[in-house]
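Residue-level listing of the chains:
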Amino acid sequence: AAAAEAKVEELNARMLELQGAAKEADAQFAKWSASWRASLDEASAAASASGQVLTERRAEHEECEKKLATLREDIESFQRGFEKHFQKRLTTGGALHFKELEPFLHQMELEKPVLKALPAICAKPDTDRSESEDSILEQLAMAFAVKISTLSEAAEAQTVAVSEHLTQVKQA
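This one's a predicted model, so the numbers in the text were calculated from it and none came from an experiment.

(A) View of the packing of helix α3 (residues 112-123) against helix α4 (residues 131-171). With their axes 10 Å apart at the nearest point, α3 and α4 run at an angle of 115 degrees to one another. Between α3 and α4, the interaxial angle falls into the category roughly perpendicular. Where α3 crosses over α4, the handedness of that crossing is left-handed. On the side of α3, the interface is formed by V114, A117, L118 and I121, while α4 contributes E133, I136, L137, Q139 and L140. Looking at side-chain class alone, the contact of α3 with α4 contains seven nonpolar, one polar and one charged residues.

This is the structure we're talking about:
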């Protein structure tokens, strides 16, 4: 009986020892699990933030590309309008078509008296125009040149911006 009691006490002591080891292992696992979870949460947050930055950079890049495309279309439109509706007509000596020029006029920096005089000046063939009217047409030609130059400079700057945004997209 004494041997049985000693064996029970030994088993109880071993069981307490194993329970203590199990509690310690549980505590270490909980600590490791919390640390692992925190690392996983940080990595997830970093990936999410990186994804958000990439999305923003792509949107900015697309916006820059659209702006550049619009600038190029405007340059082409002004060049075509100048050549077709102004320069070509002047070289043939015929009257200019104000209605075809009008959409461009409102996008250029022209003085109000010039804008007001243009419909009448455009209606006249080159032989019926006065020197002052020819001078106004020269101002119009200069305004076209300035507008095309300004748009070209903006397109060059926008090309640089597109390139910079593309680099940012690649880095994100």
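Moving on from the model shown.
(B) A look at the packing of helix α2 (residues 98-105) against α3. Relative to each other, α2 and α3 sit at 160 degrees, their axes nearing to 10 Å. One element, α2, and the other, α3, form an angle in the roughly antiparallel class. By crossing handedness, the relation of α2 to α3 is classed as right-handed. Contacts between α2 and α3 involve F98, L101 and L105 on the former and, on the latter, L115, L118, P119 and C122. For the contact of α2 with α3, the per-class residue count stands at seven nonpolar, no polar and no charged.

(C) Inspection of the side chain of H85 at higher detail. For H85, the location among the structural elements is in helix α1 (residues 2-92). In terms of polar contacts, H85 uses its side chain to reach the side chain of E100, at 2.9 Å. Apart from the residues lying within four places of it in its own chain, the contact partners of H85 are R80, L96, E100, L101 and F104.

(D) How the structure looks around the packing of aromatic side chains. According to the stated counting rule, one finds eight aromatic pairs in the structure shown. With a centroid separation of 5.4 Å and an interplanar angle of 25 degrees, the aromatic rings of F82 and F86 are classed as stacked. Residue F82 and its partner F86 are both found in helix α1; the two are separated by four residues, about one turn of the helix. Its relative accessible area of 17% is what places F82 among the buried residues. Given the relative accessible area of 2%, F86 is considered buried. Cluster of aromatic residues (ring-pair linked, three or more members): F78, F82, F86, F104 and F144.

(E) How the structure looks around the environment of M142. You can see M142 is positioned in helix α4. You can call M142 exposed: its relative accessible area is 53%. Distance in space between the C-alpha atoms of M142 and A3 is 118 Å, their sequence separation being 139 residues.

Conventions and cut-offs
- Residues numbered from 1 in each chain as written.
- Predicted model: local features only at pLDDT ≥ 70, side-chain atom pairs only at ≥ 80, totals over all residues.
- Heavy atoms only, no water.
- Axes fitted to C-alpha atoms, helices over the stretch in contact; angles between N-to-C directions.
- Helix = DSSP H or I, 4+ residues; strand = E, 2+ residues; numbered from the N terminus.
- Parallel < 35°, antiparallel > 145°, perpendicular 65-115°, else oblique.
- Left-handed = near helix turned anticlockwise from the far one by under 90°.
- Contact = heavy atoms within 4.5 Å.
- Nonpolar A, V, L, I, M, F, W, Y, C, P; charged D, E, K, R; others polar.
- Polar contact = N/O pair within 3.5 Å; in protein donor to acceptor, adjacent residues only side chain to side chain.
- Phe/Tyr/Trp six-rings, centres within 6.5 Å; stacked < 30°, edge-to-face > 60°.
- Buried < 20%, exposed > 50% of the residue type's maximum accessible area, 1.4 Å probe, protein only.

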